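# Geometric and topological summary
Single-letter residue listing:
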2 protein chains.
Amino acid sequence: MSYSVTFTPDNVTITVKEGTDLLTAATKAGISIKSTCGGEGTCGRCRVKVVKGNTNNSTKNYGNLSEELRNAGFVLACKTFVEDNLVIEVPAESRLDEHQVLLDKKNSGLLKESDLDLLKDYPLNPICRKYYLELDPPTLNENTSDFERLQANLQKKYNLSNLTIDLMELQELADNLRSGGWKVTVTIVNCGDKNEVVRVEPGYSKNPCYGLAVDIGTTTVVVSLVDTEKGCSIDRMGSYNKQARYGDDVIARMIYASDHGVKELQSAVIDTINDLINKILRKNRLKPEDIAVMTTAGNTTMAHLFLGLDPKYIRLEPYIPTASKFPIVKAGHLGLNINHNAPVYSFPAIASYVGGDIVSGSLSVGINNKEELTLLIDIGTNGEIVFGNKDWLISCACSAGPAFEGGGISCGTRAMKGAIERVQIDPDTLQVKVSTIGREKAIGICGSGLIDCISEMHKAGIIDRSGQFIKVDAPSIRETSSDKELVVVTTDKSAIEKDIVITENDVKNLIRSKGAVFAGVRSLLKTMQMELEMIDKILIAGGFGNYLNVAKAIQIGLLPDLPLEKFEFVGNTSLKGAELALLSKEALRKVDDIGKMMTYLELSAGNLFMDEFMSAIFLPHTDLSLFPSLAE
Amino acid sequence: MSYSVTFTPDNVTITVKEGTDLLTAATKAGISIKSTCGGEGTCGRCRVKVVKGNTNNSTKNYGNLSEELRNAGFVLACKTFVEDNLVIEVPAESRLDEHQVLLDKKNSGLLKESDLDLLKDYPLNPICRKYYLELDPPTLNENTSDFERLQANLQKKYNLSNLTIDLMELQELADNLRSGGWKVTVTIVNCGDKNEVVRVEPGYSKNPCYGLAVDIGTTTVVVSLVDTEKGCSIDRMGSYNKQARYGDDVIARMIYASDHGVKELQSAVIDTINDLINKILRKNRLKPEDIAVMTTAGNTTMAHLFLGLDPKYIRLEPYIPTASKFPIVKAGHLGLNINHNAPVYSFPAIASYVGGDIVSGSLSVGINNKEELTLLIDIGTNGEIVFGNKDWLISCACSAGPAFEGGGISCGTRAMKGAIERVQIDPDTLQVKVSTIGREKAIGICGSGLIDCISEMHKAGIIDRSGQFIKVDAPSIRETSSDKELVVVTTDKSAIEKDIVITENDVKNLIRSKGAVFAGVRSLLKTMQMELEMIDKILIAGGFGNYLNVAKAIQIGLLPDLPLEKFEFVGNTSLKGAELALLSKEALRKVDDIGKMMTYLELSAGNLFMDEFMSAIFLPHTDLSLFPSLAE
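Reading guide: rules and limits
Residues numbered from 1 in each chain as written. Chains lettered and ligands numbered in written order. Predicted model: local features only at pLDDT ≥ 70, side-chain atom pairs only at ≥ 80, totals over all residues. Helix = DSSP H or I, 4+ residues; strand = E, 2+ residues; numbered from the N terminus. Rg over C-alpha atoms; globule rule 2.2 N^0.38 Å. Buried ≥ 20, exposed ≤ 12 C-beta atoms within 10 Å, placed from the backbone. Contact = placed C-beta atoms within 7 Å. Nonpolar A, V, L, I, M, F, W, Y, C, P; charged D, E, K, R; others polar. Pairing = 2+ DSSP bridges. Axes fitted to C-alpha atoms, helices over the stretch in contact; angles between N-to-C directions. Least-squares fit on C-alpha atoms with pLDDT ≥ 70 in both. pLDDT = per-residue confidence, 0-100. Domains from an automatic or database assignment. Parallel < 35°, antiparallel > 145°, perpendicular 65-115°, else oblique. Left-handed = near helix turned anticlockwise from the far one by under 90°. Expected span 1.5 Å × (residues − 1).

### Observations concerning the overall build of chain A
When helices and strands are tallied, chain A shows 17 helices and 29 strands. Its C-alpha atoms give chain A a radius of gyration of 26 Å, within 12% of the compact-globule value 26 Å for 632 residues. Taking all 632 residues of chain A together, 54% fall into the buried category. For chain A, contacts bridging at least 24 residues in sequence account for 69% of all contacts bridging at least 6.

Laid out in structure tokens, this is it:
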């Protein structure tokens, strides 16, 4: 038996089989719904409102939905099944809104993101170029084959050797050469020791040679359209990774892959990238064939899922990925909507939890070329740290978890419109003032707002150093059956038809996250027998970094207590490294060097990290001598 | 409107749309019917008998079918269309009987085929091997990725570097390593500077490492299953190239490809190879995954069609192939039913009409290693010739045409059961005696029978030196409205319900073919300013060669008049070269050297060949001094 399901306000109607869950139905209708727990019925993010028709809720799983919401018709999409023709309303806060990823937002009153000069250390020598050739037509006496003729001319005119060509392109070669009267524009991508002919256009083509750099984040995917010859990014677009439907962090995704296979997750990220490609092509009036090469950077799990490699052994001790260097694959083979011959390069990983995104980030900030001792912290979902300079590099991953991206926090959200990014608490009245991104009605609290919350709650004496609520005698603070919570925004001012709160449990989650990052930094330094003061420069990377208030981050003990001038926001370094790899063969060649010179410190081996972590899960730390500026 | 068509005696019934021609219907029913002209309605080979039902013959094209046959219900399958439920009988002589290709038939009273010692000049050093490894399981402290672990062990234990792996195999790697408890058998194919991991089997596998050598002939496809480690072919199978449905020679196929695209022809040859693969796998109890590499040799057009490259510019002056060196392609990409990761290597071509089959043949006979001046003649459909020794090689193609394979000859046939292979004519009575392959009822005359015919007809004074009938006063000779003909087998003794004849036109066709081969040989020698006597060795290759009577071939002027001991039959050298390439990296590396050292003489440039040809279209030649032994 099949039924129709109409989703509002989109007004999209689809037909599904009886028993289909609403989360799957929504995905089928092209509507992306949040699902932090991967459809387990525990996170409550996927709630939707049944406007018309009867649903099957026989599992009686309503997650953390309040009685009130349930009475108003709200259900969990993942645990509600179709048994009637339905009209379902998907509220704003349940949506993965792909248009609202904030890119490179310059200075929102906080430390401004640096414009990295990517080609500072490397010459512009792109891995992809177009070459124009006028060939002598063959004769009875000079009758070498078409491909050998092309080879000889590229060798003679441009000193290009070791030419390879994909069978599909070779199949078109004869006609392409002749229809242009033996004049052709050849697009060639350098793949190490080979030069791959990706495209042969008849005649002279004035169009630039385009590449696409892609940052495959656990949460966000960003693409950058690069004119490789002019050496610049000409457009960027971002959206949420559709894999979010299967869980918020890499662990949830790996579990899903273990249970259901890797194909769904691979399709989800390929879909995400293809949607971005189609948009950026349309906007820039380009055709898929025009994109001749792609570089991608992502953490090890993202790289595995992108290539369809099962990440299950990454999750299990001793945490082994299938590969750390990945084969170059043709775009057509992965179903990517660019030139089907385009080589797709994936940045190599250092280890299971220090991936290509960190290698790419290290490349883009040039940490491997610097004299000064530099610490690069990428506070994404996982929290990776690199420390060193041109002589040595050490890295680790500190399992910070998705708290600073809003994951696992009652009213957490990613940095999108309506997210609370700043919070102030009056120490006397305990009244809360907030500001949201885009000045929209509040939908939740994003990372920078959460840092503010912890810092302000501590300053106002609401919580103690361990995160426990010690002051509860205020209208904005209340105790529920399960927890204590501070109301940050009341229902009437919120966009989600309920109070936006931060609970004691949330606070403890956040303290664990910040503690993990700080413990990771300390562990790296201790392993190198160095002190915090010896760090010359701290680079903060990640989508998170755009909104980070460094002073408050130090106050809660997330970042080390060093002079503000030592900090620099470097934005999405993973994407920038992928762009750089398109622009400079020399830079791309450095990638392997970075991989080779970077030592990986496995924090789960030994007690070093655990000891540091136990000391760091206080505000700011058990050892206050590490935070001298806070004593003032 | 659809109708059922039943083919007898196969008793296969299919349903086709109204207007479908019977040739297409038969192909759909899995019945291969001859079609020398490619469905143009001119060759008359596709005749079938309408047993029941009405057919649409509105084109009134009955080709060369006699009144009698037409009255008996015979029609041309290619020009007869379905408009009723039908029962169609497909007679034996119209079938491409795939089971009857004769392979390596040793000594049928003629010069015996030589067993080539393929590894005489090269060490056994196969391009494909299996390696057994016992890996140390990863630990927290030794946590390199799976592929890097495999790489390091292959390097350490077997000194193998530059390892590559296809994404599909990489996707299985993690589970394969673990399910064998970190013991694995790895199949690796050497592809020049790369070592490709084709298969990873959990645990120890005692099975040999198999490769498949394939000779893709215009007429016949032969596969050889090779145990690469033991260095031997363990089974061979052959069948007709299903492309024959689109025409007998490369020119007809190229025309078809120009008109209809290359896909049908590519599918036909892939189908042919897959049928053989499936049979050889079944017989030897192997699975597709067990075949880890394939080498193929074919003429330039066959290589193009196999890879889906359009051969149309090969046919047009100045005769340019798309490529002469071909990319190594994965078997899965071509739809071949062996290990989908298996690299498929195609022998490079020298020129449009001297292909990889000749390069492979040259490699297998070691012409490039010999001191003595050797002439290699491959009398297939095209007639390629190589001349030289270790210091130099020159080659040409003489467009001999398919006459000696039975193509374009009224009652010609390929060398299969029922083919007339020997003919004797009593000089007094002009009575004809024949013997057939397998002593079956005669279905037509194959190459060796045709040579006998010409030689005996000339000796008996039926034809003059130009091939013209001069004696017609015998019961076995008659004049029809269009031609004069010798009846070789009468209807009552033939299997095809009509007389088997050889016409004046056939004789002239054969004289042109033999003249082309001889003129090719002379042109090569003249270009090198050498005389026939300077040839130390003549190697005859090709399916044809199995049945060649050297003495009679000299009598008609097909082969030069040299002592019989200078001749050697070397059989299918194209296949043997493909086998050798599997067995020795050193041999495979020589292939490029052969390509580089071989000069191609384009016979259509200048007048040399045409002058020689004009002198050679007599029996045996205008210049009798070239055939001193015949004067005796």
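### Observations concerning the interface of chain B and chain A
Counting residues at the interface gives 36 residues for chain B and 36 residues for chain A. Within the residue set of the side of chain B that touches chain A, elements represented by two or more residues are helix 3 (146-158), strand 9 (163-165) and helix 4 (167-179) of chain B. If you tally residues by element for the side of chain B that touches chain A, the top one is helix 4 of chain B, at five residues. Classifying every residue of the side of chain B that touches chain A gives 20 nonpolar, eleven polar and five charged.

### Details of the sheet that holds strand 11 (residues 194-202) of chain A
Residue and element names in this part refer to chain A. If you walk across this open sheet you meet the four strands as 8-10-11-9, and the pairing is mixed. Taken across any chain shown, the strands that pair with only one partner, and hence form the sheet edges, are strand 8 (128-134) and strand 9 (163-165). Each strand axis lies, on average, 40° off the axis of its neighbour in the sheet, ignoring direction. Note that strand 10 (residues 183-191) and strand 11 share eight bridges and pair antiparallel. Considered in strand 11, the bridge of Asn190 is made with Asn195. The strands that helix 4 (residues 167-179) touches are strand 9, strand 10 and strand 11; relative to strand 11, the one it contacts most, it runs at about 45°.

### Topic: the relation of the copies chain B and chain A
Mapping between the two chain copies consists of a rotation about an axis together with a translation along that axis. Taken as rigid bodies, chain B and chain A are interconverted by a rotation of 180° and an axial shift of 0.1 Å, the fit giving an RMSD of 0.1 Å. Such a combination of rotation and displacement between the chain copies is what one expects of a two-fold axis. Here 100% of the contact residues of chain B are again contact residues in chain A; the copies associate through an equivalent surface.

### Focus: the confidence of the model for chain A
Residue and element names in this part refer to chain A. Summing up the model confidence of chain A, the mean pLDDT is 89 and the portion of residues at 70 or higher is 96%. When pLDDT is averaged over each element of chain A, strand 15 (residues 291-298) comes out on top at 98 and helix 17 (residues 628-631) at the bottom at 84. Segment residues 98-109 is flagged for pLDDT under 50; beyond a separation of four residues in sequence, or across chains, it makes 24 contacts in the model.

### Re the pairing of strand 10 (residues 183-191) of chain B
All names here are of chain B. Relative to strand 10, strand 8 (residues 128-134) runs antiparallel, the two being bridged by seven bridges. Note on strand 10: the bridge partner recorded for Arg129 is Ile188. Count of turn residues in the strand 10/strand 11 (residues 194-202) antiparallel hairpin: two residues, of which Gly192 carries a positive phi of about 65°.

### Describing the environment of A:Lys459
As for its placement among the helices and strands, A:Lys459 is situated in helix 11 (residues 447-459). For the pair A:Lys459 and A:Pro427, spaced 32 residues apart in the sequence, the C-alpha separation amounts to 7.3 Å.

### Points about the domain arrangement of chain A
Residue and element names in this part refer to chain A. For chain A, the domain assignment lists domain 1 (2-95), domain 2 (128-202), domain 3 (211-346), domain 4 (366-401 + 521-624) and domain 5 (403-510). Look at where the C-alpha atoms of domain 1 and domain 5 centre, and you get two points 27 Å apart. The interface of domain 1 with domain 5 comprises four residues on the first partner and five residues on the second. Residues that form the side of domain 1 that touches domain 5 fall into these classes: two nonpolar, one polar and one charged.

### Here's the deal with helix 10 (residues 356-365) of chain B
Residue and element names in this part refer to chain B. Summarising burial for helix 10: ten of the ten residues are buried, a large majority. Listed in full, the buried residues belonging to helix 10 are Gly356, Asp357, Ile358, Val359, Ser360, Gly361, Ser362, Leu363, Ser364 and Val365. Gly366, located one to two residues past helix 10, shows a positive phi value of around 70°.

### Comments concerning the sheet that holds strand 28 (residues 567-571) of chain B
Residue and element names in this part refer to chain B. Spatially, six strands are ordered 28-27-18-19-20-29 in an open sheet, and the strand pairing comes out mixed. Of all strands in the sheet, those with a lone pairing partner are strand 28 and strand 29 (598-600), marking the two edges. Each neighbouring strand pair of the sheet contributes to a mean axis angle of 20°, computed without reference to strand direction. Looking at chain direction, strand 20 (residues 393-397) and strand 29 are connected through three bridges and run parallel. Along strand 29, the bridge assignment pairs Ser395 with Tyr600. Sitting on the sheet, helix 10 touches strand 18 (374-378), strand 19 (384-388), strand 20, strand 27 (537-541) and strand 28, and the angle it makes with strand 18 is about 135°. Relative to the sheet, helix 12 (residues 504-527) contacts strand 18, strand 19 and strand 20, its axis offset from that of strand 20 by approximately 150°.

### Observations concerning the pairing of strand 28 (residues 567-571) of chain A
Most of strand 28 of chain A is tucked away, with five of its five residues classed as buried. On strand 28 of chain A, burial covers both faces: A:Phe567, A:Phe569 and A:Gly571 on one face and A:Glu568 and A:Val570 on the other are all buried.

### Re the environment of A:Gly335
Within the secondary structure, A:Gly335 sits in the loop between helix 9 (331-334) and strand 17 (343-346). When the C-alpha atoms of A:Gly335 and A:Asn274 are compared, they prove to be 8.6 Å apart, with 61 residues separating the residues in sequence.

### Looking at the packing of helix 12 of chain B against helix 16 (residues 608-616) of chain B
Residue and element names in this part refer to chain B. Two elements in contact, helix 12 and helix 16, have axes separated by 8 Å at closest approach and are oriented at 135°. Judged by the inter-axis angle, helix 12 sits oblique to helix 16. Of the two possible hands of crossing, helix 12 and helix 16 adopt the one that is right-handed. Contact residues: Gly515, Ala516, Phe518, Ala519, Arg522, Ser523 and Lys526 in helix 12; Leu608, Phe609, Glu612, Phe613 and Ala616 in helix 16. Grouping the constituent residues of the contact of helix 12 with helix 16 by class yields seven nonpolar, two polar and three charged.

### Observations regarding unusual backbone geometry
The omega angle of the peptide bond from A:Glu317 to A:Pro318 is 0°, so this bond is cis rather than trans. Along the chain, A:Pro318 turns up in the loop between helix 8 (312-315) and strand 16 (329-330). Here the amide bond leading from B:Thr8 into B:Pro9 is cis, since omega sits at -5°, within 30 degrees of zero. As for its position among the elements, B:Pro9 is in the loop between strand 1 (2-8) and strand 2 (12-17).

### Quick notes on helix 12 of chain B
Residue and element names in this part refer to chain B. Over its 24 residues, helix 12 extends 34 Å from the first C-alpha to the last, a length consistent with the 34 Å expected when each residue adds 1.5 Å. Across the 24 residues that make up helix 12, a large majority, 18, are buried. One or two positions beyond helix 12, positive phi appears at Gln529, with a value near 55°.

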